[in-house]
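Chain and residue survey
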Amino acid sequence: MSEMNERLLKNREQNVLAGGQERINKHHAQGKLTARERITLLLDEQSFQEIGAFVVHRSNSFGLENQRIAGDGVITGYGTIHGRLIYVFAQDFTVLGGSLSETHAAKICRIMDLALKNGAPIIGLNVTHEEVSSEDLGGAKTHAERSGVNHFVAGNDVE
């Protein structure tokens, strides 16, 4: 087998493990499935064709240059459900918590464009198993105290 083929097979094996077996085990312990497992359960058997499996982010800030994982936290592709073509993406929380990078977003946009071009539905899987209040998700207090997007919080619209 050529060196290039060996490297491809190794990359595919690593791609299936995404963020690593330890993170997968933690995910399973919380009663959650991985992004790949969710896609496998959703689609007809052996119908999934992945697109962008080896895409990695380009960020060099905050030590991210040392955390480049193939797929960049989102599994994208197409397959069938009961024989009907669908496009699908599933954010992978074993990779950087499923956070969105430029390339992660581009993979999702590409799948959306392909679905539109081919007149097929798209399904996005996010399944976090978390209960979050509206305020915690993105209210004024959250943005003032955590994200830094907001610098002033008033009690009401008039104030």
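The structure we're discussing is the one just above.
Residues numbered from 1 in each chain as written. Predicted model: local features only at pLDDT ≥ 70, side-chain atom pairs only at ≥ 80, totals over all residues. Heavy atoms only, no water.

This next bit is on the environment of Phe48. If you trace the backbone, Phe48 turns up in the loop between helix H3 (35-42) and strand S1 (49-50). Residue Phe48 is classed as partly exposed on the basis of its relative accessible area, which comes to 23%. In this structure, the C-alpha to C-alpha distance between Phe48 and Ile86, residues 38 residues apart in sequence, is 9.6 Å. (Helix = DSSP H or I, 4+ residues; strand = E, 2+ residues; numbered from the N terminus. Buried < 20%, exposed > 50% of the residue type's maximum accessible area, 1.4 Å probe, protein only.)

On to the packing of aromatic side chains. The geometry of an aromatic ring pair is captured by the separation of the ring centres together with the interplanar angle, meaning the angle of the planes. The full count for this structure, using the stated rule, is 1 aromatic pair. Ring centres of Tyr78 and Tyr87 lie 5.7 Å apart, and the angle between their planes is 45 degrees; this geometry places the pair in the tilted category. Residue class for Tyr78 comes out partly exposed when judged on its relative accessible area of 31%. We classify Tyr87 as buried; its relative accessible area is 6%. (Phe/Tyr/Trp six-rings, centres within 6.5 Å; stacked < 30°, edge-to-face > 60°.)

Moving on: the nonpolar core. Formed by Ala35, Ile39, Leu43, Ile75, Ile86, Val88, Ala90 and Leu125, the largest nonpolar core amounts to 8 residues. Of all the elements in the fold, those that place two or more residues in this core are H3 and strand S3 (84-91). In terms of residue count, the dominant contributor to this core is S3 (3 residues). Excluding residues within four positions of it along the chain, Ile75 makes contact with Ala35, Arg36, Ile39, Phe48, Glu50, Val88, Phe89, Ala90 and Asp92. In terms of nonpolar packing, the next biggest core, distinct from the first, is built from 5 residues, Tyr87, Ile111, Ala115 and Ala120 among them. (Core = buried A, V, L, I, M, F, W, Y, C linked by side-chain atoms within 4.5 Å. Contact = heavy atoms within 4.5 Å.)

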